[in-house]
Amino acid sequence: MTGAPVLPLPLPRPRPRPRLRFSPRLSASALRGERHGRWLWPAALAFVLGAYRIGTPQLWRDELATWSAATRSTGELLDLLHRVDAVSGAYYLALHYWIAVFGDSPTSLRAPGLLAMTATAALVALGAGKLFGAPAALPAGLLFAALPSVSRYAQEARGYAFAVLAVAAATWFLLRALEEPGPVRPRWWCGYAVCVLLAGAFHLVAVAALAGHAAVVAVRLRGRPWRHVLPGYGLACAGAAAALLPLVLAGQRQAGRQISWIGAPPVSGLVKVLPSLFGSGAVAAGLLAVAVPACVRRASRAAALQAVLLAVLPLLAVWVLSQGSSSYWTGRYLLFTVPAWAMLAGAGVGVGVPGRRGVRPVLLLVLGALALPTQWGLRAADAHDDYDLKGTAALLAADYRPGDAIVPPRGGASYLMLDLGVRYYLPRSDRLRDVFVQTDAVRLDDFFALECPVPADCLGSDPRVWVVAVGESPDPYADLSPAQAEALKSRYTPVRTSHAGGLTLTLLARGQ
């Protein structure tokens, strides 16, 4: 009997084990979170370090000048800028309106600088990511945020933090524009021009960043049609320069009063300035050391060259300019180069040690440990100034009587602005007549008052006079002119003397 062949039954296929799948939405969200972390964590660290005890250091003379300018009326402030410190006008005007809303406490005066440095930390991470790739972003931002100099000027009522922010933003716009494969869209050049303009408005020396930017453009132009980049770049630079020209002319006119104290730097100044740029010599050495792997590794060498140009060429430009009639060579004026240094060091940590992920956190922790002593010292009450203005004002306020007058040190000590400091820390209800002032600073459109040519003619009927002197000299009249000392001696007798942090406070009572 024959029949159809019996075919073997197919064996059942084993069922694949179910695999966990993430929805595209979840994956995209996680990816966005990872990208956000590259700049969010540096911004958070910069904010925390900058905010910690931000109100503890006493205001020093530059911050007192800021307070004096920003608390004037808009008209009085514009009159001041026409005479002196025009290069700080944008910052003074911004702080004037900030104070109108948030007050003039030390924390309030410094808070804008803190916010500026916080934003800069995020931009440093973003800029490093564009230049070196994602692995460099987070280390660069964290290193920038941890630098003592960044915390120091986040707690400073001056415009330096805003200049650093504007330069970091201009660098990001430039790198973003140079990413375009074809003609660069105008919006990137517009953003770049605005940032360069703001950098110069907040601190003119920061415009030297253009030296590094121009070199980066030259490097990126190799093998690329120049017409895609140069017209927009040139127009952006020319527009910013034209807008800044009036400020440049005003700055040159006022330079004799503003920066005559700064000497021309020697060649060694190019190296000696680095500790003040980063906050300490140990931090400077550590930062430069971790940057080396990025410079020598073939994969990151081209990007490292651009970071070096961004960091070094502006310093060289300012050094050369400082050999002329005016010098600009001081650490805080050069702070705008720190983001480029941080990007280079971040690349050394992020891409300079490939395949050794455990080494990267160790390097960051070591650099943080190097910065820790300086970071701690920045929070002391005398971190910004050696003179205890707050303590002196407290001694005076404890025995203040209506009708009291004051004689602060002027003459050779005028630049210390101790008169402003004592007035700032005194309760607003304690009003003291400044005995030897003929015309106050506001009416003179200046930071300094005009004293009476004949001191005896300015003595009134004040029952008591407080004399503030620098140092701890037993002579309460040591900082006064002979004519002022004789005028006081003729009518007043010392009652008691107190000392507070480098200052001497003497109470004089009117003789019978």
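Rules and cut-offs
- Counting starts from 1 at the beginning of each chain's written sequence and moves along it residue by residue.
- Where local features are concerned, this predicted model is filtered to residues with pLDDT of at least 70; where side-chain atom pairs are given and counted, the filter is 80 or more; whole-chain, interface and lining totals use all residues.
- Computation of side-chain values: all heavy atoms of the structure, hydrogens and water removed.
- Counting from the N terminus, the helices are DSSP H or I runs at least four residues long and the strands are E runs at least two residues long.
- A radius of gyration in this sense is built from C-alpha atoms; the matching globule rule multiplies 2.2 Å by the number of residues raised to 0.38.
- For the exposure calls, accessible area comes from a 1.4 Å probe over protein chains only, and a residue counts as buried if that area is under 20% of its type's maximum, exposed if over 50%, partly exposed in between.
- By definition in these notes, contact holds between two residues if any of their heavy atoms fall within 4.5 Å.
- Here the positive residues are Lys and Arg and the negative ones are Asp and Glu; neither His nor the chain ends is included.
- Where a charge lies is defined by one atom per residue type, namely NZ (Lys), CZ (Arg), CG (Asp) and CD (Glu).
- By definition, two strands form a pair when at least two bridges between them are found by DSSP.
- We define a salt bridge as a side-chain nitrogen of Lys or Arg found within 4 Å of a carboxyl oxygen belonging to Asp or Glu.
- Disulfides are defined as cysteine sulfur pairs within 2.5 Å.
- Multiplying one less than the number of residues by 1.5 Å gives the expected span of a helix.
- Here the bend at a residue is taken as the angle between two axes, fitted respectively to the seven residues that end there and the seven that start there.
- The pLDDT value expresses, per residue, how confident the predictor is, ranging between 0 and 100.
- Each axis is a line fitted through C-alpha atoms, taken for helices only over the stretch in contact, and angles between the N-to-C directions span 0 to 180 degrees.
- Any angle that falls under 35 degrees is termed roughly parallel, while one over 145 is termed roughly antiparallel, one within 65 to 115 roughly perpendicular, and all others oblique.
- Crossing chirality is assigned from the near helix's rotation relative to the far helix, an anticlockwise turn below a right angle marking it left-handed and a clockwise turn marking it right-handed.
- Residues were grouped as follows: Ala, Val, Leu, Ile, Met, Phe, Trp, Tyr, Cys and Pro as nonpolar; Asp, Glu, Lys and Arg as charged; and all remaining residues, including Gly, as polar.
- To form a nonpolar core, buried Ala, Val, Leu, Ile, Met, Phe, Trp, Tyr and Cys residues must be joined to one another through side-chain atoms within 4.5 Å.

Participant: Tell me about the overall build of the chain, and name the residues and values.
Facilitator: Counting its regular elements, the chain contains 20 helices and seven strands. Since a compact globule built from 512 residues should have a radius of gyration of about 24 Å, the 30 Å found for the chain marks it as more spread out than a globular shape. Put simply, the chain has 512 residues, and 50% of those count as buried. Across the chain, the fraction of contacts at a sequence separation of at least 24, relative to all contacts at a separation of at least 6, is 79%. Here the chain holds 48 positive side-chain charges and 29 negative ones, and the gap between their average locations is 24 Å.

Participant: Outline the side chain of Thr392, listing residues and values.
Facilitator: Following the sequence through the fold, Thr392 ends up in helix H18 (residues 389–398). Take Thr392: its relative accessible area is 2%, and that puts it in the buried class. Among residues more than four places away in sequence, those in contact with Thr392 are Ala500, Leu503 and Leu505.

Participant: How would you explain unusual backbone geometry if you had to name every residue and give the values?
Facilitator: Even without glycine at this site, Arg53 takes up a positive phi of about 55°. For Arg53, the location among the structural elements is in the loop between helix H1 (24–51) and helix H2 (61–70). Judged by relative accessible area, Arg53 falls into the partly exposed class, the value being 36%.

Participant: Hey, could you go over the environment of Val290 for me, with residue numbers and the actual values?
Facilitator: In this structure, Val290 sits in helix H14 (residues 281–296). Distance in space between the C-alpha atoms of Val290 and Tyr333 is 25 Å, their sequence separation being 43 residues. Excluding its chain neighbours within four sequence positions, the residues that come into contact with Val290 are Ala345, Gly348, Val349, Leu363 and Leu367.

Participant: Could you give an account of the pairing of strand S6 (residues 492–500), naming the residues involved and the relevant values?
Facilitator: Looking at chain direction, S6 and strand S7 (residues 503–510) are connected through eight bridges and run antiparallel. Directly across from Ala500, in S7, lies its bridge partner Leu503. What sits between S6 and S7 in their antiparallel hairpin is a turn of two residues, with Gly501 showing a positive phi close to 50°.

Participant: Which residues make up the environment of Ser108, and what values go with them?
Facilitator: Looking at where Ser108 falls in the secondary structure, it is placed in helix H5 (residues 106–132). In this structure Ser108 touches Trp98, Phe102 and Gly103, once residues within four positions along its chain are discounted.

Participant: Any chance you could break down the pattern of salt bridges for me, citing the residues and the numbers?
Facilitator: Scanning the model with the defined rule gives 17 salt bridges in all. A salt bridge links Arg410 to Asp434, with the shortest nitrogen-to-oxygen separation between them at 2.5 Å. Of this pair, Arg410 sits in the loop between strand S1 (405–407) and helix H19 (418–425) while Asp434 sits in strand S2 (residues 433–434); the two residues are 24 residues apart in sequence, bridging distant segments of the chain. A salt bridge links Arg410 to Glu451; the nearest nitrogen and oxygen atoms lie 3.5 Å apart.

Participant: Lay out the state of the cysteines in plain terms, naming residues and giving numbers.
Facilitator: As enumerated under the stated definition, the model contains one disulfide in all. Here Cys195 is not disulfide-linked; the sulfur of Cys190 is the nearest cysteine sulfur, at 11 Å.

Participant: So what's going on with H5? Residues and values would help.
Facilitator: Residue pairs spaced three or four apart in an α-helix point in one direction, given the helix's 3.6 residues per turn. The terminal C-alpha atoms of H5, which comprises 27 residues, lie 39 Å apart, in line with the 39 Å expected from a rise of 1.5 Å per residue. Along H5, the sharpest kink reaches roughly 30°, centred on Pro112. Extensive coverage of H5 is indicated by the burial of 21 of its 27 residues. With its phi angle positive at about 105°, Gly133 sits one or two positions after the end of H5.

Participant: Can you tell me about the confidence of the model for the chain, naming the residues and giving the values?
Facilitator: Taken as a whole, the chain shows an average pLDDT of 91; of its residues, 92% reach a score of 70 or greater. Below pLDDT 50 for its whole length, residues 1–7 participates in zero contacts with residues either more than four positions away or in separate chains. In this model residues 16–33 is a low-confidence stretch, pLDDT under 50, and it forms one contact with partners more than four residues away in sequence or in other chains.

Participant: Explain the packing of helix H6 (residues 134–146) against helix H16 (residues 338–350) to me, and be specific about the residues and the numbers.
Facilitator: Running from amino to carboxyl end, H6 crosses H16 at an angle of 130°, the nearest separation of the two axes being 7 Å. Considering the angle they form, H6 stands oblique to H16. Handedness of the crossing formed by H6 with H16: right-handed. Contacts between H6 and H16 involve Pro135, Ala136, Pro139, Ala140, Leu143 and Phe144 on the former and, on the latter, Val338, Pro339, Ala342, Met343, Ala345, Gly346, Ala347, Val349 and Gly350. Of the residues in the contact of H6 with H16, the class split is 13 nonpolar, two polar and no charged.

Participant: Could you give me a rundown of the sheet that holds S1, with the residues and numbers involved?
Facilitator: Each strand in a sheet pairs with another by means of backbone hydrogen bonds, the pair being arranged parallel or else antiparallel. Within the open sheet, the five strands sit side by side as S2-S1-S5-S7-S6. Their pairing is mixed. Both edges of this open sheet fall to S2 and S6, since each of them pairs with a single strand only. Bridge analysis of S1 against S2 gives two bridges, and the strand direction is parallel. Within S2, the position partnered with Ala405 by the bridge is Arg433. In the packing of helix H20 (residues 482–491) onto the sheet, contacts are made with S1, strand S5 (464–470), S6 and S7, and the angle to S6 comes to roughly 115°.

Participant: Got a sec to walk through the packing of helix H8 (residues 160–178) against helix H9 (residues 186–202)? Specific residues and values, please.
Facilitator: The N-to-C vectors of H8 and H9 enclose an angle of 160°; their axes lie 8 Å apart at closest approach. Taken together, the axis directions place H8 and H9 in an arrangement best described as roughly antiparallel. Classified by chirality, the crossing of H9 by H8 is left-handed. When H8 is examined against H9, the residues Phe162, Ala163, Ala166, Val167, Ala169, Ala170, Trp172, Phe173, Leu174, Arg176 and Ala177 are found in contact with a partner set consisting of Trp188, Trp189, Gly191, Tyr192, Cys195, Val196, Leu198, Ala199 and Phe202. Each residue belonging to the contact of H8 with H9 can be placed in one class, and the counts come to 18 nonpolar, one polar and one charged.

Participant: Describe the nonpolar core, listing the residues and the values that go with them.
Facilitator: By size, the foremost hydrophobic cluster in this structure holds 132 residues, and its most contacted members are Met117, Phe132, Phe144, Trp189, Tyr192, Phe278 and Phe336. Sorting elements by how many residues they give to this core places H8 first, with 16 residues. Look past the residues within four positions of Phe132 in its chain and what remains in contact with it is Ser300, Ala303, Ala304, Ala307, Met343, Leu344, Ala347 and Val351. Formed by 16 residues, the second largest nonpolar core is a distinct cluster that contains Cys452, Leu480, Ala485 and Tyr492.

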